[in-house]
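# Structural overview for review
So the chains spell out like this:
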Amino acid sequence: MPATDEPIYCSQQINIPPELPDILKQFTKAAIRTQPNDVLEWSAAYFEALSKGEPLPVKDRLEVPVGSALERPVSKGFLEVLHKQLGSKPIIEQSSLQEKWKHLSLPDDRLYEILRLGSFAEEITWVHFLSLAAVTISENLTEAMKTVCEILTTDLEGGPSRIDFKVFKELYTYLAMIDGEIPTEHVNNVLEHLQYDVEKQNGLISSQHFMHESCPPLAPLM
């Protein structure tokens, strides 16, 4: 048998870390739940975050879009992922947002449109960006605020999805200002109406309050 300089491998020489099977199992489950458009881009981001102990770019559950949502590349699930990764800080850098956005293979034109609508500079108030992004994937302002509550809540899944009324007031007022067609008087009437429910909920509000038939619509019918 001719001599060779090539190393000879056998099963005893290959060291497989005992944790590898579980890592690959969790990675596969995450990929199935998240359904990234660019698997290679997302995989690199996944393992980089895993190695650094950072929040993973992973959806909590598989989304099954229906109706008009089928045409929307940005979804509530992706906004939840971005919130997990960026929402720990009130102010974020636009460069960090662009990086996380790219990792999820979300369209650049949608990001630039949201940045333009909000006149965001290099430093971005995260909840303002999140709420404006929610508007772009919702049928109306009420649905957008419902999405915001579901993302920002600390209630357990399946709960009422309550948030602090101060946060609701800030974001509703902000979105009304961006809209430009919702009178300040109408915004104040909505907030005044909700105050009664908020006081009974220890300063918290959920979508069932501002979506109740007795509450004025967040955006007046034109």
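Whatever comes next refers back to the structure up there.
Residues numbered from 1 in each chain as written. Predicted model: local features only at pLDDT ≥ 70, side-chain atom pairs only at ≥ 80, totals over all residues. Heavy atoms only, no water.

### Regarding the state of the cysteines
- If you walk through the whole model with that rule in mind, you get zero disulfides.
- C149 takes part in no disulfide bond, and the closest cysteine sulfur, belonging to C215, lies 12 Å away.
- Classification of C215 by relative accessible area gives buried; the value is 8%. (Disulfide = S-S within 2.5 Å. Buried < 20%, exposed > 50% of the residue type's maximum accessible area, 1.4 Å probe, protein only.)

### Regarding the packing of helix 6 (residues 126–136) against helix 8 (residues 165–179)
- Contact geometry for helix 6 and helix 8: axes closest at 10 Å, N-to-C directions at 60°. Between helix 6 and helix 8, the angle is such that the two are oblique. By crossing handedness, the relation of helix 6 to helix 8 is classed as right-handed. Here V127, H128, S131, L132 and V135 of helix 6 come into contact with helix 8, specifically with E170, L171, Y174, L175 and I178.
- Its residues assigned to classes, the contact of helix 6 with helix 8 comprises seven nonpolar, two polar and one charged. (Axes fitted to C-alpha atoms, helices over the stretch in contact; angles between N-to-C directions. Helix = DSSP H or I, 4+ residues; strand = E, 2+ residues; numbered from the N terminus. Parallel < 35°, antiparallel > 145°, perpendicular 65-115°, else oblique. Left-handed = near helix turned anticlockwise from the far one by under 90°. Contact = heavy atoms within 4.5 Å. Nonpolar A, V, L, I, M, F, W, Y, C, P; charged D, E, K, R; others polar.)

### A few points about the nonpolar core
- Counting 53 residues, the largest nonpolar core has L79, L97, W101, F129, F168 and F210 as its most contacted members.
- In this view, L79 contacts V74, L130, A133, A134, I137 and I151; residues no more than four positions away in its chain are not counted. (Core = buried A, V, L, I, M, F, W, Y, C linked by side-chain atoms within 4.5 Å.)

### Points about helix 5 (residues 108–117)
- Taken residue by residue, helix 5 has L111, I114 and L115 as its buried positions. Along the long axis of helix 5, the arc covered by the buried residues comes to 100°, so they all point the same way. Residues D109 and R116 are exposed on helix 5 and point more than 90 degrees away from its buried face.
- Its buried side turned inward, helix 5 meets helix 4 (94–103), strand 2 (123–125) and helix 6.
- Two residues or fewer after helix 5 comes S119, characterised by a positive phi angle close to 50°. (Arc of directions from axis to C-beta.)

### Some thoughts on the pattern of salt bridges
- This model, assessed by the stated rule, comprises nine salt bridges.
- E80 is the salt-bridge partner of R61, the closest N and O atoms lying 3.6 Å from each other. Remark: E80 occurs in helix 3 (residues 76–86) and R61 occurs in the loop between helix 2 (39–52) and helix 3; sequence separation between them is 19 residues.
- Here R61 falls in the partly exposed class, since its relative accessible area comes to 33%.
- For E80, a relative accessible area of 13% translates into the label buried.
- The partner of E150 in a salt bridge is K76, and the shortest N-O contact between them spans 2.6 Å. One end of the pair, E150, is in helix 7 (residues 141–152); the other, K76, is in helix 3, and 74 residues separate them in sequence.
- Accessibility expressed as a relative area gives 23% for E150, which makes it partly exposed. (Salt bridge = Lys/Arg side-chain N within 4 Å of Asp/Glu carboxyl O.)

### Some words on the layout of surface pockets
- In this structure, the second largest pocket encloses a volume near 350 Å³.
- Considering the residues around the second largest pocket, the lining is formed by 15 residues, among which D60, R61, E80, E150 and T153 are closest to the centre.
- Elements with a contribution of two residues or more to the lining of the second largest pocket: helix 3 and helix 7.
- When residues in the lining of the second largest pocket are grouped by element, the largest group, four residues, is from helix 3.
- Here the lining of the second largest pocket is built from residues that sort into two nonpolar, five polar and eight charged. (1 Å grid on protein atoms, 1.4 Å probe; cavity = no way out; pocket = protein on both sides within 12 Å on 5 of 7 lines; lining within 4 Å. Points joined across faces, edges and corners; volume = space filled by probe spheres on them.)

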